[in-house]
Amino acid sequence: MKEIFSKKEKYILLTLGFFAVLVCSLAFVSAPSGALEIHFLNIGQGDAIFINTPSKRQVLIDGGRPDSPILEKISQNMPFYDRDIDLVVATHMDADHMGGLISVLENFKIGGILVSTTKSNTDLSARFWELIEEKDVPIYVVRAGDIFVLDKDVEMLIVSPTEQFIDTSGDNDLSVVVKLTYKDDSFLLTGDIEKHAEYALATGNVNLKSDVLKVAHHGSNTSTVQYFLNKVDPDLAVIQVGENRYGHPHPAVLERISAAGAKILRNDLNGDISLYSYGDSF
């Protein structure tokens, strides 16, 4: 039987076929899904939240500890060829939140960084600011009321810190607190705020009602007070927590959340927690 193609022609066709599949795969990976993706990354005892908007603009909120697997986790949610992150939020300067951002700064081009303060009081935070200066990354010091439009129908409202906590509070209550909304869906991402900041928010003029609550301070009993929880009234509560010696999450916090009727998901029990919102998911 006569061969239709020579060996050389077969090789060329197979090569072209491989590249066609590769191009289609890349197009599929990079194509907007239409969903707002929020990935609560399992990076141990710490916080790291990776957000992909419907048109694939990327936001990283915190990065866990310096030894966290943040780069590996990011690579699972971004195409391998993409080395840009549009926006990074460092909620505060605790090592279990901003430590991993150092490796992110070293390996990615960052469009801008949101912070609540530019003070540096540790060697780790000093390195953080040094890298920002080296890479010439724009810095935005945010306050309650600031709004960032991330995509069509996707907004990020800064609800804390308020001026009353500047220069009068510890790092935890200086956390950048974000209310993320996509059409009718809302997510309250709280950093490590404690009861004083929670009461200030709950008695303020901001609408805290949210479908999803990222539980503050890894489920510590210093946070998630009942009055604040009542105001948020979430359907789902996500606790970013790993193996720790602090007793996080505290049984009283778990009890309060369950009594409020919210489902609880935890990184230490559930691994990476990925939510996909089409604007009417809850």
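Residues numbered from 1 in each chain as written. Predicted model: local features only at pLDDT ≥ 70, side-chain atom pairs only at ≥ 80, totals over all residues. Heavy atoms only, no water.

A. Inspection of the side chain of Ser220 at higher detail. Take Ser220: it is sitting in the loop between strand 13 (212-214) and helix 7 (226-232). For Ser220, a relative accessible area of 6% puts it in the buried group. Among the polar contacts listed, one links the side chain of Ser220 to the side chain of Thr222, at a separation of 2.9 Å. Residues in contact with Ser220, not counting those within four places in the same chain, are His248, His250 and Val253. (Helix = DSSP H or I, 4+ residues; strand = E, 2+ residues; numbered from the N terminus. Buried < 20%, exposed > 50% of the residue type's maximum accessible area, 1.4 Å probe, protein only. Polar contact = N/O pair within 3.5 Å; in protein donor to acceptor, adjacent residues only side chain to side chain. Contact = heavy atoms within 4.5 Å.)

B. Structural context of the side chain of His92. Tracing the backbone shows His92 in the loop between strand 5 (87-89) and helix 3 (95-98). In this structure His92 comes out as buried when scored by relative accessible area, which is 2%. Polar contacts involving the side chain of His92 include one to the side chain of Ser175, which spans 3.3 Å. In contact with His92, not counting residues within four places along its chain, are His97, Met98, Asp171, Asn172, Ser175 and Asp192.

C. Representation of the packing of aromatic side chains within the structure. Applying the stated criterion to the full structure yields 4 aromatic pairs. An angle of 85° between the planes, with centres 5.5 Å apart, marks the rings of Phe80 and Tyr81 as edge-to-face. Looking at Phe80, the relative accessible area reads 65%, which means it is exposed. Look at Tyr81 and you get partly exposed, because its relative accessible area is 39%. (Phe/Tyr/Trp six-rings, centres within 6.5 Å; stacked < 30°, edge-to-face > 60°.)

Everything listed here is a matter of coordinates, which is why it stays silent on function.
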